[in-house]
Amino acid sequence: MAHISVKKYQQTTVSAAKEANPYQLVAMLFQKLLGNIASAKGAIQQKDHAKKGDLLSKAITIIGVLQGSLDFEQGGEISRNLSDLYIFCSDKLVEANTNNDEALLDEIIQILLPIKAGWDGIPKEDQDKVSFEAV
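The name given to the protein chain in an unreviewed UniProt entry is Flagellar secretion chaperone FliS, with Thalassomonas viridans as the source organism. Comment text from UniProt for the protein chain, heading Subcellular location (unreviewed entry), reads "Cytoplasm, Cytosol".

In C-alpha coordinates, the structure reads:
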(Lines give C-alpha, C1' and ligand atoms only; values in the text may rest on other atoms or scores of the structure.)
Protein backbone atom coordinates (compact mmCIF):
# COMPACT_ATOMS: atom_id res chain seq x y z
CA MET A 1 0.00 0.00 0.00
CA ALA A 2 2.79 2.45 0.86
CA HIS A 3 4.46 1.68 -2.48
CA ILE A 4 1.28 2.73 -4.29
CA SER A 5 1.17 5.99 -2.31
CA VAL A 6 4.79 6.80 -3.15
CA LYS A 7 4.20 6.08 -6.83
CA LYS A 8 1.07 8.28 -6.83
CA TYR A 9 3.03 11.09 -5.12
CA GLN A 10 5.81 10.85 -7.72
CA GLN A 11 3.29 10.97 -10.56
CA THR A 12 1.58 13.98 -9.01
CA THR A 13 4.93 15.75 -8.51
CA VAL A 14 5.97 15.14 -12.13
CA SER A 15 2.57 16.31 -13.33
CA ALA A 16 2.76 19.47 -11.19
CA ALA A 17 6.25 20.23 -12.51
CA LYS A 18 5.06 19.91 -16.12
CA GLU A 19 2.27 22.39 -15.47
CA ALA A 20 4.32 24.81 -13.35
CA ASN A 21 5.47 28.18 -14.60
CA PRO A 22 9.17 29.14 -14.28
CA TYR A 23 8.64 30.82 -10.91
CA GLN A 24 6.90 27.74 -9.52
CA LEU A 25 9.58 25.41 -10.91
CA VAL A 26 12.33 27.24 -9.05
CA ALA A 27 10.21 27.28 -5.88
CA MET A 28 9.74 23.51 -6.24
CA LEU A 29 13.49 23.03 -6.71
CA PHE A 30 14.26 24.97 -3.53
CA GLN A 31 11.69 22.93 -1.61
CA LYS A 32 13.10 19.64 -2.89
CA LEU A 33 16.68 20.80 -2.25
CA LEU A 34 15.99 21.69 1.38
CA GLY A 35 13.96 18.52 1.85
CA ASN A 36 16.78 16.37 0.52
CA ILE A 37 19.30 17.99 2.85
CA ALA A 38 17.00 17.57 5.87
CA SER A 39 16.33 13.94 4.92
CA ALA A 40 20.07 13.34 4.52
CA LYS A 41 20.52 14.58 8.07
CA GLY A 42 18.03 11.96 9.21
CA ALA A 43 19.83 9.30 7.18
CA ILE A 44 23.09 10.20 8.95
CA GLN A 45 21.36 9.78 12.30
CA GLN A 46 20.04 6.37 11.19
CA LYS A 47 23.46 5.45 9.82
CA ASP A 48 21.92 4.84 6.39
CA HIS A 49 24.94 5.91 4.38
CA ALA A 50 23.57 4.81 1.01
CA LYS A 51 20.41 6.88 1.44
CA LYS A 52 22.43 9.85 2.72
CA GLY A 53 24.70 9.69 -0.30
CA ASP A 54 21.77 9.46 -2.69
CA LEU A 55 19.95 12.40 -1.11
CA LEU A 56 23.03 14.61 -1.06
CA SER A 57 23.84 13.67 -4.65
CA LYS A 58 20.35 14.78 -5.64
CA ALA A 59 20.78 18.00 -3.63
CA ILE A 60 24.03 18.75 -5.45
CA THR A 61 22.30 18.12 -8.77
CA ILE A 62 19.51 20.54 -7.87
CA ILE A 63 22.05 23.18 -6.89
CA GLY A 64 23.70 22.63 -10.28
CA VAL A 65 20.37 23.18 -12.01
CA LEU A 66 19.74 26.37 -10.04
CA GLN A 67 23.25 27.61 -10.80
CA GLY A 68 22.96 26.69 -14.47
CA SER A 69 19.74 28.66 -14.78
CA LEU A 70 21.27 31.94 -13.60
CA ASP A 71 21.18 34.76 -16.14
CA PHE A 72 24.48 36.57 -15.64
CA GLU A 73 23.68 39.17 -18.27
CA GLN A 74 20.46 40.34 -16.62
CA GLY A 75 21.30 39.31 -13.06
CA GLY A 76 24.74 40.87 -12.93
CA GLU A 77 26.28 40.92 -9.47
CA ILE A 78 23.32 39.13 -7.89
CA SER A 79 23.76 36.19 -10.27
CA ARG A 80 27.50 36.09 -9.63
CA ASN A 81 26.93 36.11 -5.85
CA LEU A 82 24.31 33.37 -6.11
CA SER A 83 26.63 31.32 -8.29
CA ASP A 84 29.39 31.65 -5.69
CA LEU A 85 26.98 30.60 -2.92
CA TYR A 86 25.81 27.61 -4.95
CA ILE A 87 29.40 26.49 -5.56
CA PHE A 88 30.17 26.90 -1.86
CA CYS A 89 27.08 24.90 -0.88
CA SER A 90 27.89 22.12 -3.35
CA ASP A 91 31.43 21.86 -2.02
CA LYS A 92 30.15 21.78 1.55
CA LEU A 93 27.56 19.11 0.69
CA VAL A 94 30.38 16.91 -0.59
CA GLU A 95 32.30 17.56 2.62
CA ALA A 96 29.24 16.85 4.78
CA ASN A 97 28.65 13.63 2.86
CA THR A 98 32.25 12.50 3.32
CA ASN A 99 32.33 13.33 7.03
CA ASN A 100 28.70 12.55 7.97
CA ASP A 101 28.55 16.11 9.27
CA GLU A 102 25.05 17.05 10.39
CA ALA A 103 26.18 20.46 11.66
CA LEU A 104 27.53 21.33 8.22
CA LEU A 105 24.19 20.35 6.68
CA ASP A 106 22.51 22.74 9.14
CA GLU A 107 24.89 25.50 8.01
CA ILE A 108 24.05 24.87 4.37
CA ILE A 109 20.34 25.00 5.16
CA GLN A 110 20.91 28.35 6.91
CA ILE A 111 22.60 29.67 3.75
CA LEU A 112 19.84 28.44 1.45
CA LEU A 113 16.82 29.50 3.53
CA PRO A 114 17.27 33.26 2.95
CA ILE A 115 17.71 32.65 -0.79
CA LYS A 116 14.48 30.64 -0.82
CA ALA A 117 12.75 33.31 1.28
CA GLY A 118 13.86 35.96 -1.19
CA TRP A 119 12.50 33.87 -4.05
CA ASP A 120 9.22 33.26 -2.20
CA GLY A 121 9.01 37.02 -1.57
CA ILE A 122 8.82 37.92 -5.26
CA PRO A 123 5.54 39.84 -5.62
CA LYS A 124 2.76 38.00 -7.42
CA GLU A 125 2.68 40.60 -10.20
CA ASP A 126 6.38 40.01 -10.92
CA GLN A 127 6.32 36.21 -10.86
CA ASP A 128 5.33 36.00 -14.52
CA LYS A 129 8.52 37.92 -15.44
CA VAL A 130 10.68 35.08 -14.16
CA SER A 131 12.44 32.92 -16.72
CA PHE A 132 13.96 29.53 -16.05
CA GLU A 133 16.05 27.47 -18.38
CA ALA A 134 17.74 24.47 -16.88
CA VAL A 135 21.03 23.84 -18.60
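From this point, things continue past the structure.
Even without being a glycine, K47 presents a positive backbone phi close to 60 degrees. Looking at the element boundaries, K47 is found in the loop between α2 (22–45) and α3 (49–68). Since its relative accessible area comes to 65%, K47 is described here as exposed. Positive phi values are uncommon outside glycine, yet N100 reaches one of about 50 degrees. As for its position among the elements, N100 is in the loop between α4 (72–99) and α5 (102–120). Since its relative accessible area comes to 29%, N100 is described here as partly exposed.

Our next topic: α4. Compared with an ideal rise of 1.5 Å per residue, which puts 28 residues at 40 Å, α4 spans 33 Å between its outermost C-alpha atoms and falls more than 12% short. Roughly 70 degrees is the biggest bend found in α4, and it falls at I78. Where α4 is concerned, the buried positions are G76, S79, L82, S83, Y86, C89, S90, L93 and A96. Buried-residue contacts for α4 involve α2, α3 and α5.

Procedures and definitions
Residues numbered from 1 in each chain as written. Predicted model: local features only at pLDDT ≥ 70, side-chain atom pairs only at ≥ 80, totals over all residues. Heavy atoms only, no water. UniProt positions renumbered as here; feature names shortened; annotations may be inferred. Helix = DSSP H or I, 4+ residues; strand = E, 2+ residues; numbered from the N terminus. Buried < 20%, exposed > 50% of the residue type's maximum accessible area, 1.4 Å probe, protein only. Expected span 1.5 Å × (residues − 1). Bend = angle between axes of the 7 residues up to and from the residue. Contact = heavy atoms within 4.5 Å.

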